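Below, each chain spelled out in residue letters.
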Amino acid sequence: LPLDERLGNYIIEGTKDGLVEDLERKRGEGMAPLDIINGPLMAGMAEVGRLFNNNELIVAEVLQSAEAMKTAVSHLEQYMEKADTAARGKIVLATVKGDVHDIGKNLVEIILSNNGYTVVNLGIKVPPEELIKAFKQHQPDAIGLSGLLVKSAQQMVITGEDLKNAGVNVPLLVGGAALSERYTTGKIGPAYSAPTFYAKDAMTGLRLMNEIMD
Ligand code: B1M
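Rules and cut-offs
Residue positions are given per chain, counting from 1 as you read along its sequence in written order. Where totals are concerned, whole chains, interfaces and linings use all residues; where local detail is concerned, this predicted model gives features only for residues with pLDDT of at least 70, and gives and counts side-chain atom pairs only at 80 or more. Each side-chain value is derived from all of the structure's non-hydrogen atoms; neither hydrogens nor water enter the calculation. Confidence of the predictor in every single residue is expressed as pLDDT, which spans 0 to 100. Salt bridge, as used here: a side-chain nitrogen of Lys or Arg that lies within 4 Å of a carboxyl oxygen of Asp or Glu. Helical segments are the DSSP runs of H or I of at least four residues, strand segments are the runs of E of at least two, and each set is numbered from the N terminus. A 1.4 Å probe rolled over the protein chains alone gives each residue an accessible area, and that area as a share of the maximum for its type sets the label: buried under 20%, exposed over 50%, partly exposed in between. Any pair of residues with heavy atoms lying within 4.5 Å of one another is described as a contacting pair. Each metal's donors comprise the N, O and S atoms found within 2.8 Å of it (within 3.2 Å for Na, K or Ca). Water is not part of the atom list, so some coordination spheres may appear incomplete. Put simply, a nonpolar core is a bunch of buried Ala, Val, Leu, Ile, Met, Phe, Trp, Tyr and Cys residues held in one set by side-chain atoms that sit within 4.5 Å of each other. Strand pairing requires that DSSP identify at least two bridges connecting the strands.

Looking up the chain in an unreviewed UniProt entry gives the name Methionine synthase, with the organism given as Paludibaculum fermentans.

Pasting the structure below:
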């Protein structure tokens, strides 16, 4: 099989045998780590989503796929470009209440911390109360929410409202497959007290964060 297809297959099949070696081969072709993630690996993950949706994969298998993806990302992390900047700002990051998906959020953490940001990663299934507590404790410049389930989009509206009622007033960054620009500006932004931005991917998250700090 061609290398790109093999890389996708590690994710689809949830196997790691040979994964690191093939990642190194791909790097040897000159592809940047983030492009490997966004290209062949994400193509594999999209196929996993499709198969799962068609009931051709079970949760346990998708979990294996997620493990393979995490192994790949953590191997590639060491080769990602790190900006040689002083601390640019701080963000509190979380996957919202009720949602366990964290691969995207953790990618956002890697990209932001490689580019001069301090990231306080609160993990998964984070209720609004915990975000409010973290806001008071860490005084971040922004809050970032991730969510992949349809119900997580609704949870972001609730979270925005709770944050507003607690006096949180820093910009809000939201991302994840269940969201859209339209939902963000139509529903989440109006529930919250400060500018709310939709990030379609991790690099957009970085660009938005840079704009917020400029
Ligand atoms: Co789940 N899952 N899953 N899953 N899963 C989806 C999301 C789903 C679309 C699959 C499908 O049916 N086709 C579907 C959601 C349906 C819906 O609500 N519309 C689904 C479902 C139904 C479920 C369960 C309910 C299944 C069940 O138990 N019956 C369950 C939910 C549990 C829960 O959360 N309470 C569940 C569980 C799981 C696993 C645990 C097995 C595993 C997650 C493991 C983990 O994360 N540790 C899993 C996986 C892997 C997926 C898919 C296949 C892949 C997600 C992923 O990691 N993508 C997913 C299908 C899909 O998305 N195609 C699916 C790779 C990742 C890098 O992309 O997270 O989108 P993503 O992040 C992107 C951008 O969105 C953005 O940047 C990243 C790229 O640069 N981004 C941000 C994300 N957050 C951001 C935050 C930002 C900025 C950008 O700033 C703050």
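Don't stop here, the text continues.
(A) Broad picture of the confidence of the model for the chain. This prediction gives the chain a mean pLDDT of 96; 100% of its residues lie at or above 70. For this predicted complex, the interface confidence reaches an ipTM of 0.98, while the overall pTM sits at 0.96.

(B) The arrangement of the pattern of salt bridges in detail. Inspection of every chain in the model, using the stated rule, returns 10 salt bridges. A salt bridge links Glu211 to Arg207; the nearest nitrogen and oxygen atoms lie 3.1 Å apart. Here Glu211 pairs with Arg207, and both are found in helix α9 (residues 202-213), just four residues apart, close to one helical turn. On the accessibility criterion, Glu211 (47% relative accessible area) is partly exposed.

(C) Representation of the environment of Met45 in the model. Inspection of the secondary structure assignment puts Met45 in helix α3 (residues 33-53). It is 11 Å that separates the C-alpha atoms of Met45 and Leu63, two residues lying 18 residues apart in sequence. Every residue in contact with Met45, bar those within four places of it in the chain, is listed here: Ile11, Ser65, Ala66, Met69 and Ile103.

(D) Structural context of the coordination of the cobalt atom of the ligand. Just one protein ligand coordinates the cobalt atom of the ligand, and it is His101 (NE2) at 2.2 Å. Position of His101 among the secondary structure elements: in the loop between β1 (89-95) and α5 (103-114).

(E) Geometry of the environment of Gly89. Examined against the element boundaries, Gly89 turns out to sit in strand β1. Distance from Gly89 to Asp141, taken between C-alpha atoms, is 6.2 Å for residues 52 residues apart in sequence. With near-sequence residues (within four places) excluded, Gly89 lies in contact with Gly116, Tyr117, Thr118, Asp141 and Met213.

(F) Inspection of the nonpolar core at higher detail. Of all hydrophobic cores here, the largest spans 36 residues; its most connected members are Leu7, Leu23, Ile37, Leu41, Ile91 and Leu112. If we skip the residues at most four places from it in the chain, Leu41 touches Leu7, Ile11, Leu23, Ile36, Met69, Ala72 and Leu76. In this structure, Val120, Leu131, Ala153 and Leu172 belong to the second largest nonpolar core, which totals 25 residues.

(G) Geometry of the pairing of strand β3 (residues 142-146). Taken across its five residues, β3 has five buried, putting it largely inside the fold. By the bridge criterion, five bridges tie β1 to β3 in an arrangement that is parallel. Bridging across to β3, Ala94 finds its partner in Leu145. Relative to strand β4 (residues 172-175), β3 is paired through four bridges, and the arrangement is parallel. Within the sheet, the bridge partner assigned to Gly144 lies in β4 and is Leu173.

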